[in-house]
Amino acid sequence: MQEFLIAAKPDLQAARESWLKSLAGERRLSPLTVDAYERDTRQFLQFMTGHNGGAPGIADIKDLRPADLRGFLATRRSAGAGARTLGRGLAGVRSLLRFLERQGLVNAAGATALRAPKQPKSLPKPLTAADARRVVSAGEQLVDEPWIAARNAAVLVLLYGSGLRISEALGLKAGDLMEDDRVLRITGKGGKTRLVPVLPIAAKAVAEYKRLCPYALAANGPLFVGAKGGQLNPAIIQREMCKMRSALNLPDTATPHALRHSFATHLLGRGGDLRTIQELLGHASLSTTQIYTGVDTARLLDIYEAAHPRA
């Protein structure tokens, strides 16, 4: 994790560092989530420095009031943060305070009492089945190196064919997926494990990538590697997807994560039940999965309005 100057007294700095380590170690949150919580709490401590007239220590946040947190959220909102960013920021501060409360250092009641900003409702934006098939095709990849084209296609076909998050796909070890595997055990958010299907086309794409890859892939090392042999950075796949959007005339919403949305939406449209889709996606709550019913309803209404003579 990158080092930053933290506006806090040594006792609070040390406690916050222990909390961040617990997120990555004990709770097994993704590196992106840990980075976001680090950033959010750093901004909170900067706010408290101005709010209190000096760098805060544990004693300064021992009995934090809802009004203090509302002031922090108001400052972030005035800087342009949206509801989702504010909600995540509050979640990060709450997590830190609860960590300190378990050690008997602070009272987290003020943070618990404050309601999170209301989140805007937005539906996932999946690709059409035809566009999804084009995106995951090795022949559509926009790179000259055959092994890199095969790698990109293998990553994307796992996102669409198995409903993986990009962090889950890039976190796979070379020994996790063999050519004859039909089910893959994935460790997702919060350390939860689930079983996902591996379509024959996905297994074939991974096998082709392995065959072409110029680097020796150790069984306990990363499955997907970058041009220099290190673990593949998600930004590279996101950048390649951006190029494909332009080349294939796809909407701006066609991102790697949209392939996961497409997986769920297309399953639902073909008769898949919500409970099964919930398990495949690794959602803790069925209500999270239910957003895809809205996507399918919206798609049906679009078809109706386009086709019905009296619509």
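Everything quoted here is computed from the prediction, not taken from an experiment.

Chemist: It is not clear to me how the overall build of the protein chain should be interpreted in this structure. Could you clarify?
Modeler: Each helix and strand in the protein chain was counted, giving 14 helices and two strands. When its C-alpha atoms are laid out on the principal axes, the protein chain stretches across 60 × 60 × 35 Å. Every one of the 311 residues in the protein chain was classed for burial, and the buried ones make up 42%. Sequence-distant contacts, at least 24 apart, represent 63% of the contacts inside the protein chain between residues at least 6 apart. Here the protein chain displays about 16600 Å² of accessible surface, and carbon together with sulfur accounts for 53% of that area. Side chains of the protein chain carry 43 positive and 28 negative charges; the gap between the two charge centres is 5 Å.

Chemist: What am I meant to see in the packing of helix α7 (residues 146–162) against helix α11 (residues 256–269) here?
Modeler: Geometrically, a packed helix pair is captured by the angle between its two axes and the distance between the axes. For the pair α7 and α11, the least separation of the axes is 6 Å and the interaxial angle reads 30 degrees. Here α7 is positioned roughly parallel relative to α11, judged by the angle of their axes. Residues Leu156, Leu159, Tyr160, Gly161 and Ser162 of α7 pack against Pro256, Leu259, Arg260, Ser262, Phe263 and His266 of α11. For the contact of α7 with α11, a count of residues per class yields six nonpolar, four polar and one charged.

Chemist: Quick question: what am I supposed to make of the packing of α7 against helix α9 (residues 200–212) here?
Modeler: The interhelical angle for the contact between α7 and α9, taken along N-to-C directions, is 155 degrees, at an axis separation of 8 Å. By the angle class used here, α7 and α9 are roughly antiparallel. Helix-helix and strand crossings are classified by hand; for α7 and α9 the assignment is left-handed. Contacts from Pro146, Trp147, Ala150, Arg151, Ala154, Val157 and Leu158 in α7 reach Ile201, Ala202, Ala205, Val206, Glu208, Tyr209 and Leu212 in α9. Classifying every residue of the contact of α7 with α9 by side-chain character gives 12 nonpolar, no polar and two charged.

Chemist: Would you explain the UniProt feature "active site" (unreviewed entry) in the protein chain in this entry?
Modeler: As recorded in UniProt, the feature "active site" (unreviewed entry) lies at Arg165, Lys189, His257, Arg260, His283 and Tyr292. Its place among the elements puts Lys189 in the loop between β1 (183–187) and β2 (193–197). Those residues within four positions of Lys189 in sequence are excluded, and the remaining contacts are Arg165 and Glu168. Note that Tyr292 resides in helix α14 (residues 291–307).

Cut-offs used in this document
- Residues numbered from 1 in each chain as written.
- Predicted model: local features only at pLDDT ≥ 70, side-chain atom pairs only at ≥ 80, totals over all residues.
- Heavy atoms only, no water.
- Helix = DSSP H or I, 4+ residues; strand = E, 2+ residues; numbered from the N terminus.
- Buried < 20%, exposed > 50% of the residue type's maximum accessible area, 1.4 Å probe, protein only.
- Contact = heavy atoms within 4.5 Å.
- Areas by Shrake-Rupley, 256 points an atom, 1.4 Å probe, with all protein chains shown as cover.
- Lys, Arg positive; Asp, Glu negative; His and termini not counted.
- Charge placed at Lys NZ, Arg CZ, Asp CG, Glu CD.
- Axes fitted to C-alpha atoms, helices over the stretch in contact; angles between N-to-C directions.
- Parallel < 35°, antiparallel > 145°, perpendicular 65-115°, else oblique.
- Nonpolar A, V, L, I, M, F, W, Y, C, P; charged D, E, K, R; others polar.
- Left-handed = near helix turned anticlockwise from the far one by under 90°.
- UniProt positions renumbered as here; feature names shortened; annotations may be inferred.

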